[in-house]
Amino acid sequence: MIKIIYGGKGTGKTKQLIDVANENAKDAKGLSVFITDNKRCMYDVARNIRFIDVADWNVAGEDALCGFVKGVAACNSDHEYIYIDGVARISGKDIKDLAGTFYMLDKISNENDITVILTCSCDKEELPDFVKKYI
């Protein structure tokens, strides 16, 4: 399952994502991973959630992000949640150009029973149809 947190820049999407991650971590039976491209919120994420700054791994671009997420999912079969803060920012593309990424995330999610929750920096009206179905 994929879930989307959307809104314009500065509307608190990252804070919402952190709150959801920390709340889910209280009852999670599997592993949780929080993926972002900076360390600003590193200490806000619960300790039992693996925090990954993709900048530390030189992940840049849509293909690199897709490969990285696949690697995270493949490294352990106990993942329950993957949180991605700023999927478009990390990919270096507009949200409207990320159909392939969403297809891959949906496939990983369904095949491995992982809930993927991510942020999209745009208003609801601007979300492409392939994203709106996850609201």
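Residues numbered from 1 in each chain as written. Predicted model: local features only at pLDDT ≥ 70, side-chain atom pairs only at ≥ 80, totals over all residues. Heavy atoms only, no water.

Here we take up the overall build of the chain. Counting its regular elements, the chain contains five helices and five strands. Reading the chain from its N end, one meets helices and strands in the order β-α-β-β-α-β-α-α-β-α. Radius of gyration (C-alpha) of the chain: 14 Å, near the 14 Å computed for a compact globule of 135 residues. For the C-alpha atoms alone, the extent of the chain along its principal axes is close to 35 × 30 × 30 Å. Out of the 135 residues in the chain, the part that is buried amounts to 48%. Counting contacts in the chain only where the partners sit at least 6 residues apart, residues at least 24 apart contribute 66% of the total. The chain carries 18 positive and 21 negative side-chain charges, and their two centres are separated by 2 Å. (Helix = DSSP H or I, 4+ residues; strand = E, 2+ residues; numbered from the N terminus. Rg over C-alpha atoms; globule rule 2.2 N^0.38 Å. Buried < 20%, exposed > 50% of the residue type's maximum accessible area, 1.4 Å probe, protein only. Contact = heavy atoms within 4.5 Å. Lys, Arg positive; Asp, Glu negative; His and termini not counted. Charge placed at Lys NZ, Arg CZ, Asp CG, Glu CD.)

What follows is about the side chain of Ser32. Tracing the backbone shows Ser32 in strand β2 (residues 31–36). For Ser32, the residues in contact, after removing those within four places along its chain, are Asn48, Ile49, Arg50, Tyr81 and Tyr83.

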